Amino acid sequence: MASMRDIKRRRSSIQGTQQITKAMKLVSTVKLQRARSAAEKSKYYFDSMYRTVNSILSRVGHIEHRYLVPGDSPRKAVVVITSNRGLAGGYNSNVVKLVTRNDALKKEDLDIYCIGNKGRETLARHGYTIREDLPDVIEDPLYSEVNALTARLLESFEKGEIGEIYLAYTFFKNTVSQEPRLIKLLPVVPEESESESNAIMNFEPEDVEAIEMIIPKYISSLIYGGLKEAIASENGARMQAMDNATSNAEEMIDKLSLMYNRARQGSITQELTEIIAGSEAIS
Amino acid sequence: MADTFALRIITPDKVFYEGDVEMVEFNTTEGGVGIYKNHEPMTVIIRPGVITITEPEGEKRAALHAGFVEILQDKVTILAESIEWPDEIDVERAQSAEERARERIASKAGDVDIDRASIALQRALARINCLK
């Protein structure tokens, strides 16, 4: 049986850890609220963007455009959004798994554009090619930075270095549930369902030129939207992880307190027995 | 009084403007346009310029830099990458940007990206004109 002092030391160390996890939970709760309202505010833009692009493409579906067909290169680019900090449960590894466990994405054929340190560390260890590493974007996402990234991706696509572009991020369903997602950014595949009113839409400039200008904006907006969702998800995941850690610590503290009290009681009993035995021997 | 239609201006970060308006004017790649209610459905791409929103109560102006517009008969949605109210504009910065852009265009050096410089110029002018 562990000595009283050992148990006491162990318990106070767990109490220290619990204080940290508790504080982290509070911090991520506040951050989550902010990130969530930011994600909700920007949602309008992406929903409208998505709808508009889809309705445009469904009307000009027969058009041949290089953004609508895969490029010749077998290489694929994946933009992976993870966090810079850990202690967020399975948040980062779930996103990484989307890439590593996907049979369609072969390690040799991938160019990874990493937003967030944690994903880069893991993917680099697995031997993936990291084309770009952008840890700062996640701290304070600016639309202009995302635009620049899109421009670089499209340039690479035009040069024929990559044939397809994907985005791996975590979709924020609600506070307790986040879902890692992998979506294809390019070539753009219009959704088949066309239920909305078939109003005739004119374009100024012409269709092809319009697609040329709108698609880059569309990709930027998807990446930016993914980024906002990912930040909300990160804080949600961390809040949950820290909540679990806090209650686990609580459980351990309870157990250790019980052990400590038993040990204390045991030592008192033993001392008493010794005294009584001693006094009996004398009398 | 002219009929009103619903105008929504959305940026990646927020809903910038939402309301019923009589007319909205802005620059597109094909030139300046003014939209009233019951316009033909159309999608246009924005060039940097001043956007003038005519509400029943009066006019509002803002500097609109990039994005595109979906026009339906009773609803206009502007997806703006970047748009500013006059009080958000830094005049001095815009003026120095204008000078820089003009210099770059005038220099005609081989390494100058004329397209980019002229868009920067248009942007600076949109900001300045918006304040006039």
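Would you mind showing me how to read the overall build of chain B here?
Across its full length, chain B holds 2 helices and 8 strands. Within chain B, the proportion of its 132 residues that are buried is 30%. Taking contacts inside chain B between residues at least 6 apart in sequence as the whole, the part at least 24 apart equals 51%.

What exactly am I supposed to notice about the environment of Asn 261 of chain A here?
Residue and element names in this part refer to chain A. Structurally, the position occupied by Asn 261 is in helix H5 (residues 207-282). Overall, Asn 261 belongs to the exposed group, with 12 C-beta atoms counted inside 10 Å. As a C-alpha pair, Asn 261 and Ser 42 span 219 residues in sequence and 55 Å in three-dimensional space.

Looking at this structure, how should I read the domain arrangement of chain B?
Interfaces are frequently sized by the accessible area removed from exposure as the parts join. All names here are of chain B. According to the domain assignment, chain B contains domain 1 (5-86) and domain 2 (89-131). Domain 1 and domain 2 are separated by 23 Å when their C-alpha centres are compared. When contributions to the side of domain 1 that touches domain 2 are tallied by element, the ones reaching two or more residues are strand S6 (49-55) and strand S7 (58-71). The biggest single contributor to the side of domain 1 that touches domain 2 is S7, with 5 residues. Class assignment of the residues belonging to the side of domain 1 that touches domain 2 gives a composition of 6 nonpolar, 2 polar and 3 charged.

Please clarify how the packing of helix H1 (residues 91-107) of chain B against helix H2 (residues 114-131) of chain B should be interpreted in this entry.
Residues and elements named next belong to chain B. Closest axis-to-axis distance for the H1/H2 pair is 8 Å, and the angle between their directions is 150 degrees. Taken together, the axis directions place H1 and H2 in an arrangement best described as roughly antiparallel. The element H1 and its partner H2 pack so that their crossing is left-handed. The residues of H2 that touch H1, namely those facing Val 91, Ala 94, Gln 95, Ala 97, Glu 98, Ala 101, Arg 102, Arg 104 and Ile 105, are Ile 114, Ala 117, Ser 118, Ala 120, Leu 121, Ala 124, Leu 125, Arg 127, Ile 128 and Leu 131. Here the residues of the contact of H1 with H2 are counted per class, giving 13 nonpolar, 2 polar and 4 charged.

Could you clarify how one ought to interpret unusual backbone geometry in this entry?
Glycine aside, a negative phi is what most residues show, and trans is what most peptide bonds show. A positive phi angle, near 55 degrees, is found at Leu 87 of chain A, a position not held by glycine. Structurally, Leu 87 of chain A can be placed in the loop between strand S1 (76-81) and helix H2 (91-100). Of note, the phi angle at Asn 38 of chain B is positive, near 65 degrees, even though the residue is not glycine. With respect to the element layout, Asn 38 of chain B can be found in the loop between strand S4 (31-35) and strand S5 (42-45).

When you look at the pairing of strand S8 (residues 75-84) of chain B in this model, what are you seeing that I'm missing?
Residues in a regular strand point their side chains to alternate faces of the sheet. All names here are of chain B. Most of S8 is tucked away: 7 of the 10 residues are buried. Alignment of S7 against S8, held across 8 bridges, turns out to be antiparallel. Within the sheet, the bridge partner assigned to Ala 63 lies in S8 and is Glu 84. In this antiparallel pair of consecutive strands, S7 and S8, the connection spans 3 residues.

Explanation requested: the sheet that holds strand S2 (residues 110-115) of chain A in the structure shown.
Either a parallel or an antiparallel arrangement is found when strands of a sheet pair, and the pairing is made through backbone hydrogen bonds. Residue and element names in this part refer to chain A. Read across the sheet, 5 strands follow the order S3-S2-S1-S4-S5 without closing on themselves; strand pairing throughout is mixed. Unpaired on one side and paired on the other, strand S3 (129-133) and strand S5 (177-186) mark the two borders of the sheet. The sheet shows a mean angle of 25 degrees between the axes of neighbouring strands, direction not considered. In the sheet, S1 pairs with S2 via 6 bridges, with the strands oriented parallel. Counted as the bridge partner of Ile 81 is Ile 115 from S2. Here H2 sits on the sheet and contacts S1, strand S4 (164-174) and S5; the angle it forms with S4, its principal contact strand, is near 145 degrees.

Rules used in this analysis
- As a convention, each chain's residues are numbered from 1 in the sequence order in which they are written.
- Here the convention is simple: chains get letters from A, ligands get numbers from 1, in the order in which they are written.
- With the structure being a predicted model, the display of local features is reserved for residues of pLDDT at least 70 and the display and counting of side-chain atom pairs for 80 or more, all residues being used for whole-chain, interface and lining totals.
- Each helix corresponds to a stretch of at least 4 residues labelled H or I by DSSP, and each strand to a stretch of at least 2 residues labelled E; elements are numbered beginning at the N terminus.
- Put plainly, a residue is buried at 20 or more neighbouring C-beta atoms within 10 Å of its own, exposed at 12 or fewer, and partly exposed in between, counting only other residues' C-beta atoms, which are placed from the backbone.
- We call two residues in contact when their backbone-placed C-beta atoms lie within 7 Å.
- The domain limits used here are those given by an automatic or database domain assignment.
- Polar here means any residue outside two lists: the nonpolar Ala, Val, Leu, Ile, Met, Phe, Trp, Tyr, Cys and Pro, and the charged Asp, Glu, Lys and Arg; Gly therefore counts as polar.
- Lines are fitted to the C-alpha atoms to define the axes, a helix being fitted only along its stretch in contact, and any angle between axes, read from their N-to-C directions, falls within 0 to 180 degrees.
- Working definition: roughly parallel below 35 degrees, roughly antiparallel above 145 degrees, roughly perpendicular at 65 to 115 degrees, and oblique for all remaining angles.
- Each helix crossing is assigned a hand: it is left-handed if the near helix lies turned anticlockwise from the far helix by less than a right angle, otherwise right-handed if that turn is clockwise.
- Here, a strand pair is defined by DSSP locating no fewer than two bridges between the strands.

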